[in-house]
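Structural overview for review
Each chain is listed here by its residues.
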Amino acid sequence: MGAKDDPSSLNRRSLLRAGLAGAAVTTTGGAALAQARPEPAKPDPMVTEIQDWNRFLGPGVEAAPYGKPSKFEKDVIRRNVGWLTAGTESSINFTPIHELDGIITPNGVCFERHHGGVAEIDPAMHRLMINGLVEKPLVFTMDDLKRFPGRVNRPYFLECAANGGMEWKGAQLNGVQFTHGMIHNVWYTGIPLKTVLNEAGIKSNGKWLLVEGADAAAMTRSIPIEKALDDCMIAWAMNGEALRAEQGYPLRIVVPGWEGNMWVKWLRRIEVGDQPWAQREETSKYTDLLADGRARRHTWVMDAKSVVTNPSPQKPLKYKGPNVLTGLAWSGRGAISRVDVSVDGGRNWQSARIDGPAMPLCLTRFYVDFDWNGQELMIQSRAMDSTGYVQPSKEALRKVRGLNSIYHNNGIQTWLVRANGETENVEIS
Amino acid sequence: MSRFRNIARAFGLVVALTGQALPQAAQPQPAKVGLGRAALPEEIKAWDIDVRPDGLGAPVGKGTVKKGEELFLAQCAACHGEFGEAVGRWPVLVGGRGSLKADSPEKTIGSYWPDASTVFDYIRRAMPFGNARSLSDDDVYALTAFLLNMNEVVKDDFVLTNENIATVKMPNASAFYEDDRTTAEKHFWAEACMKNCKTGEVRVTGHARVIDVTPDGKSGPRVE
């Protein structure tokens, strides 16, 4: 075996063997690599010298009434790509998913997408109106909403339909934050949407909702009544605290498993009607242009998708030997039932270990613990959901959708890990 | 199963005997809680500004192409360009007809949008960018008429009104169809191949074009 061996399996022992052979070590087994760990030439001053933080007092309990991450985590931030949009008020930034673990996205790094900037609304001045085909049009204050019985807490992913939209024509952006970072996953607190709809009383011909935001874009989307009565929520909290302003404070709608654009923030009005409204965001945008010039509309559900977040271009491999490959999987159609990982560009696959809950319409975390011998890898992941849907290759997706769809790109991502550990966004045959 | 049925039956019996359901049980229409207050007609009028393709919601009013052109040059051209061709990366509003199958489709009001009502509705609720709700309904009719005219949907002397907005036929209206992924992409519900899924060498066919988005991407990582 040599450096050109196909790394077809993530089996720990076989990768280990390949690595050892490449290093011309004849002994087999994991112990040999562990023994190869170099002895330090001299004592480590981090250990032998008394550090400032070990001697002097640190800040007291009043230094940070609302805590922030350690200053050493300053690079764990949302980032935008300036040239994508004309200005920052109607724009997008990206969640640093390569820096996160588990399944919950911290509130401060949840990606943002605004159409008229962040509305800053005093909750005492916020109102929710329900009108249209209802028995009694109503107006609620935030206090009213928080007095409803039947409050619920639910974890859901929110993915922008344009997540990966820049990658339809080929590999473009060299970082998982930019190729897959239009997603976040938090616990929402609120009440089922049907609770407030029931309060107004939907007339029998009420088949659609128009949900509207109070921002400078007065964002609107049409939602079919079946979804509204099924699992939609109106939420005022995320991860245990009030919604962040950029996520719709004081109130947003939660539309589980469906494209993020429908999760209208700063929710101020729900109208009941008998037809969809054909708003700008559901006609000129968020419709999927296919190769034949026709376009799918009402493509609400987010198909099953996954991506390896480490290694990835922003998180290259730095060490031979033990490494942790990890990533995220999700589906708008149900729960993630399995995630497969390949290191040979999709020739061979092995099921990853899912850790933590695999809940419906929620991010799911997977791991593959492996030893790396310095061989080039082509890493992919492939999600399967509880409906039996298998995440398609980009090739298979393009065959149906062409290159101009922009939205709903859930094709399998490939990361090329070079011999020096550098990791790159590539497309492969 | 049978045990569950028994419990359910017992529960039903309790309801029948007491004549009062326990909270959240056996009631298809839950009782109203009594929160919130009636929305007044003036309040609904203030917020309910949406306009549907069939004209529902269109306020009484009208606007000419000529008036729309004046307004457009004053209020819109700074971002959208004098002819709707766009400045920088702001949205292109005019042209693009016949480009939807091209490598770079130009999705404009004329080439893509299926409904004229959407133009009116969107300008009325969100434009001008940064000064929303500042135009009168007649101004919005005029701007919509101008944009439809620039896109060769209506003639120069057209007057758009609440009476005729639903009759404007958009060139690309017939190109939209409902999400058919569960049938057109049925083959994505399949068994997943695990071994020897590709024949021949797997080659890299494309690299990320934009690499400067990565903060410290210029220096290669060091492998120890």
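**So, the packing of helix α3 (residues 65-75) of chain B against helix α6 (residues 137-150) of chain B**
Residues and elements named next belong to chain B. The interhelical angle for the contact between α3 and α6, taken along N-to-C directions, is 95°, at an axis separation of 7 Å. On the basis of the axis angle, α3 is roughly perpendicular to α6. Together, Val65, Lys67, Gly68, Glu69, Leu71 and Phe72 of α3 and Asp139, Ala142, Leu143, Ala145, Phe146, Leu147 and Asn149 of α6 make up the contact between the two elements. Classifying every residue of the contact of α3 with α6 gives eight nonpolar, two polar and three charged.

**Regarding the sheet that holds strand β1 (residues 37-38) of chain B**
An order of β8(A)-β7(A)-β12(A)-β3(A)-β4(A)-β1(B) is seen for the six strands of this open sheet, with the pairing classed as mixed. Each having just a single partner strand, β8 (220-224) of chain A together with β1 of chain B make up the two edges of the open sheet. For strand β7 (residues 208-213) of chain A and strand β12 (residues 267-273) of chain A, the ladder comprises six bridges, and the chain directions are antiparallel. Residue pairing in the sheet places A:Val211 in a bridge with A:Ile270 of β12(A). Sitting on the sheet, helix α7 (residues 193-200) of chain A touches β3 (127-132), β4 (138-141), β7 and β12 of chain A, and the angle it makes with β4(A) is about 135°.

**Regarding the packing of aromatic side chains**
Throughout the structure, instances matching the rule amount to 13 aromatic pairs over all chains. Ring geometry for A:Phe140 against A:Phe148: centres 5.7 Å apart, planes inclined by 65°, an arrangement best described as edge-to-face. Aromatic pair A:Phe157 and A:Trp330: ring centres 6.5 Å apart, planes at 55°, arrangement tilted. Of the two residues, A:Phe157 is situated in strand β5 (residues 152-159) and A:Trp330 in strand β16 (residues 321-330); the sequence distance between them amounts to 173 residues. Here the two residues A:Phe157 and A:Trp330 agree in accessibility, since each one is buried. Every member of this aromatic cluster is reached through a ring pair, and the members are A:Trp208, A:Trp258 and A:Trp300. The ring of B:Tyr122 has A:Arg280 sitting right over it, with the charged end atom 4.5 Å from the ring centre. For B:Lys107, the ring lying beneath its charged end belongs to B:Tyr112, and the centroid distance is 4.9 Å.

**Considerations on the interface of chain A and chain B**
Contacts between the two partners involve 114 residues from chain A, matched on the other side by 85 residues from chain B. Note on chain A versus chain B: buried area summed over both sides is about 8,200 Å², and carbon and sulfur give 53% of it. Sorting the residues of chain A by area buried against chain B places A:Arg280, A:Arg347 and A:Ser429 first, and these three jointly supply 8% of that buried surface. Where chain A touches chain B, the interface holds nine salt bridges. For the interface between chain A and chain B, the tally reads 50 residue pairs in polar contact (both at pLDDT 80 or more). Among the elements that line the side of chain A that touches chain B, the one with the most residues is strand β23 (residues 423-428) of chain A, at five residues.

**Overview of the pairing of β8(A)**
On any regular strand, side chains alternate: one points to one face of the sheet, the next to the other face. Residue and element names in this part refer to chain A. By the criterion of burial, β8 is predominantly enclosed, with five of the five residues buried. Of the two faces of β8, both are covered, the one formed by Thr220, Ser222 and Pro224 as well as the one formed by Arg221 and Ile223. Here β7 runs beside β8; their pairing, made up of five bridges, is antiparallel. Bridged to Glu212 within β8 is Thr220. Where β7 hands over to β8, the hairpin turn is made up of six residues, of which Ala218 adopts a positive phi near 40°.

Conventions and cut-offs
Residues numbered from 1 in each chain as written. Chains lettered and ligands numbered in written order. Predicted model: local features only at pLDDT ≥ 70, side-chain atom pairs only at ≥ 80, totals over all residues. Heavy atoms only, no water. Axes fitted to C-alpha atoms, helices over the stretch in contact; angles between N-to-C directions. Helix = DSSP H or I, 4+ residues; strand = E, 2+ residues; numbered from the N terminus. Parallel < 35°, antiparallel > 145°, perpendicular 65-115°, else oblique. Contact = heavy atoms within 4.5 Å. Nonpolar A, V, L, I, M, F, W, Y, C, P; charged D, E, K, R; others polar. Pairing = 2+ DSSP bridges. Phe/Tyr/Trp six-rings, centres within 6.5 Å; stacked < 30°, edge-to-face > 60°. Buried < 20%, exposed > 50% of the residue type's maximum accessible area, 1.4 Å probe, protein only. Lys NZ or Arg CZ within 6 Å of the ring centre and 35° of its normal. Buried area = accessible area lost by both parts, 1.4 Å probe. Salt bridge = Lys/Arg side-chain N within 4 Å of Asp/Glu carboxyl O. Polar contact = N/O pair within 3.5 Å; in protein donor to acceptor, adjacent residues only side chain to side chain.

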